[in-house]
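Given next are the chains, with one letter for each unit.
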Amino acid sequence: MSEELMVRQCAPTLAGIKTGSLFPCPCSSREELLCQVRSLNRRLSPKGLCLLPLRFTPGSALLYLYRPAELRVDLKDQLAEALLADAGYSGKSSEQCVAYLAKRFRSGGEFPHEVGLFLSYPPQDVRGFIENHAVNYKCAGLWKVYGDEALARRLFDKFRKCTDIYCALWRAGSGIDQLAVAV
C-alpha cells in the first residue's frame, strides 16, 4: 500500500481534524497488506491513530484509518447512539462498534450507511441519508447534507484545504510520520 494513497485519502484524519477515513486500496496479497498495516500501526499508534482492514475483495481491500479516542466521543452523541442501536450496535464500546462495522462490511449484505458516524459525518446527516434513502438532501460534498448546510460546507472546505496542503507537503518530501499529528 502506498503511503501517498493514505495521504490523499486520509489527510484530515492524519491532521487530527476528522475522526476517521475509509478508503479502498489495491491488494494483490492479503498477507503482504496485513504486514504493511501492522508496520504502519507501529508508527501511527503513538500519534493516536489506528489502521484496520474492514474488508478484502479480489484485488482490493477497504481500509479504515481512525482515531479511537475521537471515535469514542463521536459515538457517545445521543443521536449517534440511537442510530447505532437501530442498526444493531446497541450497548457496545467503540471498539466493539468498529468490529461490528467490519462484520457488516464483510457480510456482503446491505451497505452499512451508519458508517458516516465513524467518519465524522454529523449524525443528523447520517439519519437524513438513511431516512430519505439518499434523496432530498440540501447539498452534497464528502457526504449528503440533511442538517446544517453552512456547517457542512465549512467542513468540506476545511477537509479539502487540509488535503491540498498535505498532498503538497507529501510531494515536497514530508513522510507519513511527519504528517500524522498527535492529538
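Rules used throughout
Residues numbered from 1 in each chain as written. Predicted model: local features only at pLDDT ≥ 70, side-chain atom pairs only at ≥ 80, totals over all residues. Heavy atoms only, no water. Helix = DSSP H or I, 4+ residues; strand = E, 2+ residues; numbered from the N terminus. Expected span 1.5 Å × (residues − 1). Buried < 20%, exposed > 50% of the residue type's maximum accessible area, 1.4 Å probe, protein only. Arc of directions from axis to C-beta. Contact = heavy atoms within 4.5 Å. Pairing = 2+ DSSP bridges. Axes fitted to C-alpha atoms, helices over the stretch in contact; angles between N-to-C directions. Parallel < 35°, antiparallel > 145°, perpendicular 65-115°, else oblique. Left-handed = near helix turned anticlockwise from the far one by under 90°. Salt bridge = Lys/Arg side-chain N within 4 Å of Asp/Glu carboxyl O.

1. Re helix H2 (residues 30-44)
Count 3.6 residues to each turn of an α-helix, and residues three or four apart come out pointing the same way.
Right, on to step 1. Over its 15 residues, H2 extends 20 Å from the first C-alpha to the last, a length consistent with the 21 Å expected when each residue adds 1.5 Å.
Right, on to step 2. Looking only at H2, the buried set comprises Leu-33, Val-37, Leu-40, Asn-41 and Leu-44. Here the buried residues of H2 occupy an arc of 105° about the axis, which is enough to place them on one side. Residues Glu-31 and Arg-42 are exposed on H2 and point more than 90 degrees away from its buried face.
Right, on to step 3. Looking at the buried side of H2, the elements it contacts are helix H1 (3-14), strand E1 (20-26), strand E2 (50-57), strand E3 (60-66) and helix H8 (176-179).

2. Overview of the sheet that holds E1
Right, on to step 1. Within the open sheet, the three strands sit side by side as E1-E3-E2. Their pairing is antiparallel. Both outer strands of the open sheet, E1 and E2, are each paired with one neighbouring strand and no more. On average, each strand axis in the sheet is inclined to that of its neighbour by 25°, with strand direction left out of account.
Right, on to step 2. As paired elements, E1 and E3 share seven bridges and run antiparallel to each other. Across the sheet, the residue bridging to Cys-25 is Ala-61, located in E3.
Right, on to step 3. H1 contacts E1, E2 and E3 of the sheet and is inclined by roughly 170° relative to E1.
Right, on to step 4. Contacts from H2 reach E1, E2 and E3, with the element oriented near 165° to E2.

3. Side note on the packing of H1 against helix H7 (residues 149-171)
Packed helix pairs are characterised by how far apart their axes lie and by the angle those axes make with each other.
Right, on to step 1. Two numbers describe how H1 lies on H7: the axes approach to 8 Å, and their chain directions differ by 140°. The pairing of H1 with H7 is recorded here as oblique in orientation. As for the relative orientation of H1 and H7, their crossing is right-handed in sense. In contact with Glu-3, Glu-4, Val-7, Arg-8, Ala-11, Pro-12 and Leu-14 of H1, H7 contributes Phe-159, Cys-162, Thr-163, Tyr-166, Cys-167 and Trp-170.

4. So, the pattern of salt bridges
Right, on to step 1. Under the defined criterion, the tally for this structure stands at seven salt bridges.
Right, on to step 2. For Glu-3, the salt bridge goes to Arg-43, with nearest N and O atoms at 2.8 Å. Taken together, the residues span a long stretch of sequence, with Glu-3 in helix H1 and Arg-43 in helix H2 at a distance of 40 residues.
Right, on to step 3. The partly exposed category is assigned to Glu-3, whose relative accessible area is 23%.
Right, on to step 4. The exposure class assigned to Arg-43 is partly exposed, which follows from its relative accessible area of 28%.
Right, on to step 5. The partner of Arg-160 in a salt bridge is Asp-164, and the shortest N-O contact between them spans 3.3 Å.

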